[in-house]
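# Overview (structure and organization)
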Amino acid sequence: MIDPNLLKNNPELIAKQLLKRGFILDIQHFISMEKERKKLQINTETLQARRNVLSKLIGQKKNTHNNVKLLIDQVLEINQKLKIIKSELNILKNKIHIFLIEIPNIPDKDTPNGLSSIDNKVISLWGNIKKYDFFIKDHVTLGNNVCGFDWNSAAEMSGSRFVLMKGHIALLHRALGQFMLDVHTRQHGYTEVNVPYLVNYNSLYGTGQFPKFKNDLFYVNHFSEGSNKEKYALIPTSEVPLTNFIRNKIIKENELPIKLTALTPCFRSESSSYGQDTRGLIRMHQFEKVEIVQIVHPKKSIEKLEELTNHAEKVLQLLDLPYRKILLCTGDLGFSANKTYDLEVWFPSQNTYREVSSCSNMSDFQSRRMKSRFRSNCMNKTCFLHTINGSGLAIGRTLAAILENYQHSDGSISIPKILQIPYMNGLKLISLYH
């Protein structure tokens, strides 16, 4: 969440910043709640002070054997009033908390103003887009032709937006995940982590999926009876368990930055997607992704966002896939982000770029929700950490991009040279005849 003090001290400025991303902040409602909270807080403190005075008098009079019944009655009356006021105060604090956690992050000063994706800024282009002298097939057709996809069996098992991969396509999918992990751990200095795929609601709240995106998740229910069982959701991304590694912790400053990576399945309902996005590997209910996360000092977060984005770009460059780097505008930012780069890989069949990675600086937005801090050496106090995350990369979409960019006129697909040995056991070409 954003710093509540910013909202208390200058609500108009915060409202103006949030309006850039299309969020209308109800300032008057917040001011009204804060005014009532202060009133209840003062009344509580006044009554507590009065009770302390009376309690002290009761102790003094008891020592002199004076009658203290009247004083005791006054204390009891104050306790009853305190009980009512504290209840009202707690209810109001909860309302203020709910109000605050539904406010998105404040855009960074470098984030361009805009209302939608058409206002995003192209930062750079990389790679050469190939010219084809034959009819370009999409990744679904290519995968089907080499018997690498089985959509019908997957649909019978699980429903739509699932796929069963076989043979060399399954091998390529696995190879991509291992290759990405190796690049990030061996070249970029990330620590590989094996994380849970089921997380509790507090973890989802910490990274910002709860409560705003609760309808985009899949939930797991116990078959056994009993309402006191822990409730779980399947992870929408390993950002959730990786970032929650620091929840409720105070990190030593000399331990920063913390760099973590994981390869996991991800589960999303994708209830709002439609059209061509529902075809193939672009928007699946289950997909695999390599996530990269950095936990950093606040003064380093802008620099580290650039570094992390470069790490994701390196994977695309090694695979020789044309892509562009996009700086998202204020209206296209994710809920928890204040600055985001999207990496979009070229899809020949669609004659356009499609997102394969999103790299974001969350500033202290997530760490405030998770109560994650570090102890500053020079100031001898604790401060909120900054969190950065990105896809390094989405494996299904990368696989789809390889199928399309490396296709031949006969429907066969070349394997990127970087993957041939050892990841693909020397295989150079996927075709129907293998």
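The structure this text deals with has already been given above.
Residues numbered from 1 in each chain as written. Predicted model: local features only at pLDDT ≥ 70, side-chain atom pairs only at ≥ 80, totals over all residues. Heavy atoms only, no water.

## What to know about the overall build of the protein
- Check the secondary structure of the protein and you find 13 helices and 18 strands.
- Seen along its three principal axes, the alpha-carbon backbone of the protein occupies a region of about 105 × 50 × 40 Å.
- Among the 434 residues that make up the protein, the fraction classed as buried is 50%.
- For the protein, restricting intrachain contacts to residue pairs at least 6 apart in sequence, the fraction spanning at least 24 positions comes to 73%.
- Counting only carbon and sulfur atoms, one obtains 51% of the accessible surface of the protein, whose full area is about 22,100 Å².
- Separation between the mean location of the 57 positive side-chain charges and that of the 41 negative ones in the protein comes to 8 Å. (Helix = DSSP H or I, 4+ residues; strand = E, 2+ residues; numbered from the N terminus. Buried < 20%, exposed > 50% of the residue type's maximum accessible area, 1.4 Å probe, protein only. Contact = heavy atoms within 4.5 Å. Areas by Shrake-Rupley, 256 points an atom, 1.4 Å probe, with all protein chains shown as cover. Lys, Arg positive; Asp, Glu negative; His and termini not counted. Charge placed at Lys NZ, Arg CZ, Asp CG, Glu CD.)

## Remarks on the pairing of strand β13 (residues 352-361)
- With seven of ten residues buried, β13 lies mostly within the body of the structure.
- Linking two consecutive strands that pair antiparallel, namely strand β12 (residues 339-347) and β13, is a turn of four residues; a positive phi of about 55° is found at Asn 351 within it.
- As paired strands, β13 and strand β16 (residues 386-394) are joined by three bridges and run antiparallel to one another. By the bridge assignment for β16, Cys 359 is matched with Gly 390. (Pairing = 2+ DSSP bridges.)

## Remarks on the side chain of His 173
- In this fold, His 173 is placed in helix α7 (residues 167-187).
- Judged by its relative accessible area of 13%, His 173 is buried.
- With sequence-adjacent residues up to four places away left out, His 173 is seen in contact with Met 165, Glu 288, Ile 395, Gly 396 and Leu 399.

## Examining the nonpolar core
- Membership of the largest hydrophobic core comes to 49 residues, with the highest contact counts inside it found for Leu 172, Leu 176 and Leu 419.
- When contributions to this core are tallied by element, the ones reaching two or more residues are α7, β10 (286-296), α10 (301-318), β11 (323-327), β12, β13, β16 and α12 (395-405).
- The next biggest cluster of nonpolar side chains, apart from the first, holds 38 residues, and it includes Leu 92, Phe 99, Val 199 and Phe 210. (Core = buried A, V, L, I, M, F, W, Y, C linked by side-chain atoms within 4.5 Å.)

## Section: the side chain of Arg 368
- The residue Arg 368 is located in helix α11 (residues 365-370) in this model.
- Overall, the relative accessible area of 18% leaves Arg 368 in the buried class.
- Residues in contact with Arg 368, not counting those within four places in the same chain, are Met 1, Ile 2, Asp 3, Pro 4 and Phe 384.

## With respect to the packing of aromatic side chains
- All chains considered together, the criterion is met by eleven aromatic pairs.
- For the ring pair Phe 30 and Phe 99, a centre distance of 5.7 Å and an interplane angle of 20° mean the geometry is stacked. Of this pair, Phe 30 sits in helix α3 (residues 27-63) while Phe 99 sits in helix α4 (residues 69-101), and the two are 69 residues apart along the sequence. In terms of burial, Phe 30 and Phe 99 fall into one category: buried.
- Considering the side-chain rings of Phe 213 and Phe 335, the 6.2 Å spacing of their centres and the 85° angle between planes classify their relative orientation as edge-to-face. Of the two residues, Phe 213 is situated in the loop between α8 (201-207) and β6 (219-220) and Phe 335 in the loop between β11 and β12; the sequence distance between them amounts to 122 residues.
- Given a relative accessible area of 29%, Phe 213 falls into the partly exposed group. (Phe/Tyr/Trp six-rings, centres within 6.5 Å; stacked < 30°, edge-to-face > 60°.)

## Focus on the packing of α7 against α10
- The N-to-C vectors of α7 and α10 enclose an angle of 130°; their axes lie 10 Å apart at closest approach. As judged from the angle between their axes, α7 and α10 are oblique. Of the two elements, α7 crosses α10, and the hand of that crossing is right-handed. In contact with Phe 179, Met 180, Val 183, His 184 and Gln 187 of α7, α10 contributes His 311, Ala 312, Lys 314, Val 315 and Leu 318.
- Looking at side-chain class alone, the contact of α7 with α10 contains six nonpolar, three polar and one charged residues. (Axes fitted to C-alpha atoms, helices over the stretch in contact; angles between N-to-C directions. Parallel < 35°, antiparallel > 145°, perpendicular 65-115°, else oblique. Left-handed = near helix turned anticlockwise from the far one by under 90°. Nonpolar A, V, L, I, M, F, W, Y, C, P; charged D, E, K, R; others polar.)

## Regarding the sheet that holds strand β5 (residues 198-200)
- The strand order β5-β7-β6 describes an open sheet built from three strands, whose pairing is antiparallel. A strand with exactly one partner marks an edge of an open sheet, and here the two such strands are β5 and β6.
- Pairing analysis gives two bridges linking β6 to strand β7 (residues 232-234), with the strands arranged antiparallel. Each bridged residue has a counterpart across the sheet, and for Val 220 the counterpart in β7 is Tyr 232.

## Looking at helix α2 (residues 11-19)
- Within α2, burial applies to Pro 11, Ile 14, Ala 15, Gln 17 and Leu 18. Taken around the axis of α2, the buried residues stretch over an arc of 165°, which confines them to a single face. The outward face of α2, more than 90 degrees from its buried face, is lined by the exposed residues Lys 16 and Leu 19. (Arc of directions from axis to C-beta.)

## Things to note about the sheet that holds strand β1 (residues 121-126)
- Across the sheet, which stays open at both edges, the eight strands sit in the order β1-β11-β12-β13-β16-β10-β9-β4 with mixed pairing between neighbours. This sheet does not close on itself; its edge strands, each paired only once, are β1 and β4 (191-192).
- As judged from the five bridges shared by β1 and β11, these two strands associate in the antiparallel manner. When the bridges of β11 are listed, Trp 126 appears paired with Tyr 323.

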